[in-house]
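Architecture at a glance
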Amino acid sequence: MMGLNFSDLMNQQMIIAVLTMVAVAGTVFVLVMPLLEGDKLKSRMKSVALERDQMRARERARMADEKANARVSLRNQPKQQMQHIVDRLNLKNLMSDEHTKMRLIQAGYRGTKPLYTFLFARLVMPVVLFLVAVFYTFVVLQLEHPPMFNVLIASVIAFIGYYAPDLYLKNRIQNRQLSINRAWPDALDLMLICVESGMSIEVAFRKVSEEIGVQSIALAEELTLTNAELSYLGERRLAYENLAKRTGLEGVKNVSLALIQAERYGTPVSQALRVMADENRAQRMQAAEKKAAALPPKLTVPMIVFFLPVLLAVIIGPVIIQALATFD
């Protein structure tokens, strides 16, 4: 009995000793370790700065490789013969202005080569079409008309050829704006998600340009250019204004103004993006409803011309056949 009590007492003392040692060790650890660690804020900031420099070096190396391996440059130079003809005839001052350059940019043509190509086409197309029309009317068709009448027809075709590059450019601008306008509300939603998740507006532009390229290549190009301008231009306001000018869309202009005001007055960018996203989505829905409402009047004439005669023939045809068979 005495041995059992002594053993129990030793076990209790052992447990108390172990718990005391753990408590003392924990107390020492809690009190001493903060003194040994010190302030690591400077070292952490230094490591972040080093990581940022490494990322910047990697991005610069990647951009240099892409620039070296790119087959087509944004600032590609025109052919020497074309440039010589345009410069010698002074077509840049006679047939173009700032509005022409902006229209080329809105169509997706940047640099000096598209401008020279456009002016050269406006110079050459009337001459080529005039010669083709004269050959076709005099040699191929051999029309029995006075020669002046054939020359007049060729002149009209040459006049059309002068405006053909302008019509092509206008069609290209409309198609590009349609592609951007359809994908713009979705891009704003993605941008809002990126900004609310803690990304900066530059990173948001870059991420959205990568994601929206499947839906609209034109919008991906414009967002990529805006991201570059936000990084390199002296004033961020110019980057947003250039985005609105390059697209030529009212919705993009409103968003650009909202972003400019948000950065100027310090209001949350996410709030401005949320309002603009809702507004652009409502405008897209209104445009779809407007197009759907205009569909019945557009179908009236085709239905009268093509569907109604067939319907009358199907309904009245058997009656006419029966009447003819009765009289026979």
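Each residue is numbered by its place in its chain's sequence as written, counting from 1. Totals for whole chains, interfaces and linings use every residue, but because this is a predicted model, local features are given only for residues with pLDDT of at least 70 and side-chain atom pairs only at 80 or more, for both listing and counting. As a rule here, side-chain values cover all heavy atoms of the structure and leave hydrogens and water aside.

This part is about the overall build of the protein. Only DSSP runs of H or I covering at least 4 residues are called helices, and only runs of E covering at least 2 are called strands; the numbering of each starts at the N terminus. Each helix and strand in the protein was counted, giving 13 helices and zero strands. Along the protein, helices (α) and strands (β) appear in the sequence α-α-α-α-α-α-α-α-α-α-α-α-α when read from the amino end. Within the span of the protein, comprising 328 residues, buried residues form 24% of the whole. Throughout, a residue-residue contact means that at least one pair of heavy atoms, one from each residue, lies within 4.5 Å. For the protein, restricting intrachain contacts to residue pairs at least 6 apart in sequence, the fraction spanning at least 24 positions comes to 65%. For every accessible area listed, the method is Shrake-Rupley and the probe measures 1.4 Å; residues are considered covered only by the protein chains on display. With the model as given, the accessible surface of the protein reaches about 23500 Å², and the carbon-plus-sulfur share is 65%. Only protein chains enter the calculation, and the probe is 1.4 Å; a residue is then buried if its accessible area is under 20% of its type maximum, exposed if over 50%, and partly exposed in between.

Before going further, it helps to spend a moment on the packing of helix H8 (residues 201-212) against helix H10 (residues 236-247). Relative orientation of the contacting elements H8 and H10 amounts to 30°, with a least axis distance of 13 Å. One way to sum up the angle between H8 and H10 is to call them roughly parallel. The handedness of the crossing between H8 and H10 is left-handed. On H10, the residues touching Ile 201, Glu 202 and Phe 205 of H8 are Arg 236, Tyr 240 and Leu 243. Only Asp, Glu, Lys and Arg are considered charged in this grouping, and only Ala, Val, Leu, Ile, Met, Phe, Trp, Tyr, Cys and Pro are considered nonpolar; every other residue, Gly among them, is considered polar. In terms of residue class, the contact of H8 with H10 is made up of four nonpolar, no polar and two charged. Note on geometry: axes are lines fitted to C-alpha atoms, helical ones only across the stretch in contact, with angles between N-to-C directions running from 0 to 180 degrees. Throughout, the term roughly parallel applies to angles under 35 degrees, roughly antiparallel to angles over 145, roughly perpendicular to angles from 65 to 115, and oblique to all others. Left-handed describes a crossing whose near helix is turned anticlockwise from the far helix through less than a right angle; right-handed describes the clockwise counterpart.

So, about the nonpolar core. One broad rule of soluble globular proteins: the nonpolar side chains tend to lie buried together. The term nonpolar core refers to a set of buried residues drawn from Ala, Val, Leu, Ile, Met, Phe, Trp, Tyr and Cys, joined through side-chain atoms within 4.5 Å. Trp 184, Met 191, Phe 205, Ile 212, Leu 219 and Leu 223 are the most contacted members of the largest nonpolar core, which has 33 residues in total. Of all the secondary-structure elements, those providing two or more residues to this core are helix H7 (147-196), H8, helix H9 (217-232), H10, helix H11 (250-265) and helix H12 (269-293). With residues up to four places along the chain from it excluded, the contact list for Ile 212 reads Ala 183, Asp 186, Ala 187, Leu 190, Leu 219, Ala 220 and Leu 223. Judged by nonpolar contacts, the second largest core, of 12 residues, contains Leu 91, Met 95, Leu 104 and Leu 115.

Another aspect to go through is the packing of aromatic side chains. Each Phe, Tyr or Trp ring (for Trp, its six-membered ring) is paired with any other whose centre lies within 6.5 Å, and the angle between the two planes then decides the class: stacked below 30 degrees, edge-to-face above 60, tilted in between. On inspection of all chains with the given rule, the structure shows three aromatic pairs. Ring centres of Phe 159 and Tyr 163 lie 5.1 Å apart, and the angle between their planes is 65°; on these two criteria the pair is classed as edge-to-face. Taken together, the residues span about one helical turn, with Phe 159 and Tyr 163 both in helix H7 at a distance of four residues. Of the residues examined, Phe 159 reaches a relative accessible area of 52% and is grouped as exposed. In this structure Tyr 163 comes out as partly exposed when scored by relative accessible area, which is 36%. Between Phe 205 and Tyr 240 the ring centres are 6.4 Å apart and the planes differ by 35°, which places this aromatic pair in the tilted class.

Bringing the pattern of salt bridges into the picture now. Close approach of charged atoms allows side chains with opposite charge to pair. Every case where a carboxyl oxygen of Asp or Glu lies within 4 Å of a side-chain nitrogen of Lys or Arg is listed as a salt bridge. Scanning all chains against the criterion turns up 16 salt bridges. When the shortest N-O distance is used, the salt bridge between Glu 241 and Arg 237 registers 2.9 Å. Linking Glu 241 with Arg 237, this pair stays in helix H10, spanning four residues, or about one helical turn. Overall, Glu 241 belongs to the partly exposed group, its relative accessible area being 26%. Connected via shared salt-bridge partners are Arg 110, Arg 176, Glu 221, Glu 222, Glu 229 and Arg 246.

Bringing the confidence of the model for the protein into the picture now. Of the residues in the protein, 79% reach a pLDDT of 70 or more, and the chain-wide mean stands at 78. You can read pLDDT as the predictor saying how much it trusts each residue, on a scale of 0 to 100. When the criterion is pLDDT under 50, residues 70-75 qualifies, and its contacts beyond four places in sequence or with other chains add up to four contacts.

Here the focus is the packing of H10 against H11. Interaxial distance between H10 and H11 falls to 8 Å at its minimum, and their mutual angle equals 175°. By the criterion of interaxial angle, the relationship of H10 to H11 is roughly antiparallel. Here Arg 236, Arg 237, Tyr 240, Glu 241, Leu 243, Ala 244 and Thr 247 of H10 lie close against H11, whose contacting residues are Val 252, Lys 253, Ser 256, Leu 259, Ile 260, Glu 263 and Arg 264. Of the residues belonging to the contact of H10 with H11, the class tally is six nonpolar, two polar and six charged.

What follows covers the side chain of Arg 110. Examined against the element boundaries, Arg 110 turns out to sit in the loop between helix H5 (98-106) and helix H6 (113-141). Classification of Arg 110 as buried rests on a relative accessible area of 17%. There is a polar contact of 2.7 Å between the side chain of Arg 110 and the side chain of Glu 222. Polar contact is defined as a pair of N or O atoms within 3.5 Å, subject to the rule that within protein one atom must be able to donate a hydrogen and the other to accept it, and that residues adjacent in sequence are counted only when both atoms are side-chain atoms.

Let us now look at the environment of Gly 248. Considering the arrangement of structural elements, one finds Gly 248 in the loop between H10 and H11. Each C-alpha atom, one on Gly 248 and one on Arg 103, is 9.1 Å from the other, the two residues being 145 residues apart in sequence.

The topology assignment puts Glu 250 in helix H11. The class for Glu 250 is exposed, based on a relative accessible area of 52%. On a C-alpha basis, the gap between Glu 250 and Asn 280 in space is 10.0 Å, while along the polypeptide they are 30 residues apart.

Before going further, it helps to spend a moment on helix H13 (residues 295-327). Along an α-helix, a turn takes 3.6 residues, which lines up residues three or four apart on a common side. Along its 33 residues, H13 runs 46 Å from first to last C-alpha, staying within 8% of the 48 Å computed at 1.5 Å per residue. Across the chain, bend at a residue is computed as the angle between axes fitted to the seven residues ending at that point and the seven starting from it. Taken as a whole, H13 carries its principal kink of about 50° at Met 303. Multiplying 1.5 Å by the residue count of a helix minus one yields the expected span of that helix.

Its place among the elements puts Ile 105 in helix H5. Between the C-alpha atom of Ile 105 and that of Lys 245, which follows or precedes it by 140 residues, the distance is 8.8 Å. Every residue in contact with Ile 105, bar those within four places of it in the chain, is listed here: Arg 176 and Arg 246.

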